[in-house]
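Residues per chain, in single letters:
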Amino acid sequence: MKDILTAPFMTEMIRTTTNMYAHGWDERNGGNISLLLEKKQVKKYLDIDKVLRTIPTGFSAPELEGKYFLVTGTGKYFKNVQYAPDVNLGIVRLKDGGETAELLWGYADGGKFTSEFPAHMMSHAARLSVNPDNRVVMHCHPTNLLAMTYVHDLDEVQFTRTLWQMCTECIVVFPDGVNVLPWMLCGTNEIGVATAEKMKTARLVVWSQHGIYGAGADLDETFGLIETAEKAAEIYMKIAHLPRLNTITDEQMHELEAHFGVRAREGYLS
Ligand code: 13P
Ligand code: ZN
């Protein structure tokens, strides 16, 4: 059996949480990540018949029955993951239609998966239904996106269009746009259901006055997605109070669509 701390999924998770902390997106225990693993990946490093603990999830997700996830722990600080991965991370397998998580590795201090586990698992199910290659759900508190939810219209078309207008390549990176939820109580099944519904039509979902969710095929891609939206929000927050003399026009957006072979979300451009 190989050492799990050398597994590429583990080193990438450690690098990603460390980098997200460095970007200022994950103060204290802010943020959480779940990474869908293949059984054959896990078997190289763990005895998958050895269940350390079973933990009730409080929701059902029959689509995810038997699936394995590497998940950040609740109350854990992203800045500490690199120093104690087995305390701050865990590997779980879902059973009983998603109502139970079997712990196979990690949460070594008796902890458990993130309080946002419902939003993560329901989002995985939603994204897998539209893209079978989806592996990652990532949540964090990027400063400028969060700031923007205090001063910008929360209408999804308006919010998306503003972000697209802030950097030329935004429309190329997230042509599906950004969906927006109003403020809701976090850590609940209700916000999980609402997030998953929004995840069916976009890979980015803003939680107003809280943060953002991103989804993607791997950690790098998902990080890059949030990074691009956050960069756009940063520019917006720098210019929102100034007269706008120039912008990226819808005509130019159509040029970008044609050049990069992407299709902007239906009805979002004139
Ligand atoms: P956890 O520590 O439970 O992951 O919660 C952090 C967070 O960002 C809640 O939205
Ligand atoms: Zn949060």
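Preceding this section is the structure that the text describes.
Residues numbered from 1 in each chain as written. Chains lettered and ligands numbered in written order. Predicted model: local features only at pLDDT ≥ 70, side-chain atom pairs only at ≥ 80, totals over all residues. Heavy atoms only, no water.

> I'd like to hear about the environment of tyrosine 150, residue by residue, with values.
Residue position: tyrosine 150 is located in helix 5 (residues 143-151). Measuring from C-alpha to C-alpha, the distance between tyrosine 150 and glutamate 169 comes to 25 Å, with 19 residues separating the pair along the chain. (Helix = DSSP H or I, 4+ residues; strand = E, 2+ residues; numbered from the N terminus.)

> Describe the coordination of the zinc ion (ligand 2), listing the residues and the values that go with them.
Note on metal geometry: ideal angles are 109.5 degrees for four donors arranged tetrahedrally and 90 or 180 degrees for six donors arranged octahedrally. Every protein donor of the zinc ion (ligand 2) is accounted for by His139 (NE2), His141 (NE2) and His210 (NE2), and the metal-donor separations fall at 2.1 Å. For the zinc ion (ligand 2), the single-chain donor residues occur in sequence as H-x1-H-x68-H. With histidine 141 in the loop between strand 6 (136-140) and helix 5 and histidine 210 in the loop between strand 8 (204-207) and strand 9 (211-216), this residue pair connects regions lying 69 residues apart in the sequence. (Donors = N, O, S within 2.8 Å, 3.2 Å for Na, K, Ca; no water.)

> Give me helix 10 (residues 250-260): which residues, what numbers.
Given 3.6 residues to a turn, an α-helix orients residues that are three or four positions apart in the same direction. Of the positions making up helix 10, those classed as buried are Asp250, Met253, Leu256 and Glu257. Down the axis of helix 10, the buried side of the element spans an arc of 105°, and every buried residue falls inside it. Among the exposed residues of helix 10, those pointing more than 90 degrees away from its buried face are Glu251, Glu255, Ala258 and His259. After helix 10 finishes, the residue glycine 261 shows a positive phi value of roughly 65°. (Buried < 20%, exposed > 50% of the residue type's maximum accessible area, 1.4 Å probe, protein only. Arc of directions from axis to C-beta.)

> Can you explain a negative patch on the surface? Please cite residues and give values.
Side chains of Glu12, Asp218, Asp220 and Glu221 sit close together on the surface and give a patch of like negative charge. When you line up the elements, aspartate 220 lands in helix 9 (residues 219-239). (Patch = residues over 30% accessible without salt bridge, like charges linked within 9 Å, V, L, I, M, F, W, Y side chains within 5 Å. Areas by Shrake-Rupley, 256 points an atom, 1.4 Å probe, with all protein chains shown as cover. Salt bridge = Lys/Arg side-chain N within 4 Å of Asp/Glu carboxyl O. Lys, Arg positive; Asp, Glu negative; His and termini not counted. Charge placed at Lys NZ, Arg CZ, Asp CG, Glu CD.)

> An account of the packing of aromatic side chains is needed here, citing residue identities and associated values.
Applying the stated rule across the entire model yields 6 aromatic pairs. Consider the rings of phenylalanine 9 and tyrosine 45, whose centres lie 5.7 Å apart with planes at 85°: the pair is edge-to-face. Of the two residues, phenylalanine 9 sits in helix 1 (residues 8-22) while tyrosine 45 sits in the loop between helix 2 (39-43) and strand 2 (53-56), which places them 36 residues apart along the sequence. Measuring from centroid to centroid gives 6.0 Å for tryptophan 164 and tyrosine 268, while their planes differ by 50°, and the two rings are tilted. Remark: tyrosine 268 occurs in the segment after helix 10 and tryptophan 164 occurs in helix 6 (residues 156-166); sequence separation between them is 104 residues. Judged by relative accessible area, which is 0%, tryptophan 164 ranks as buried. Following the ring pairs from residue to residue traces out a cluster consisting of Phe59, Phe113 and Phe117. (Phe/Tyr/Trp six-rings, centres within 6.5 Å; stacked < 30°, edge-to-face > 60°.)

Purely spatial values, then, with no claim about function.
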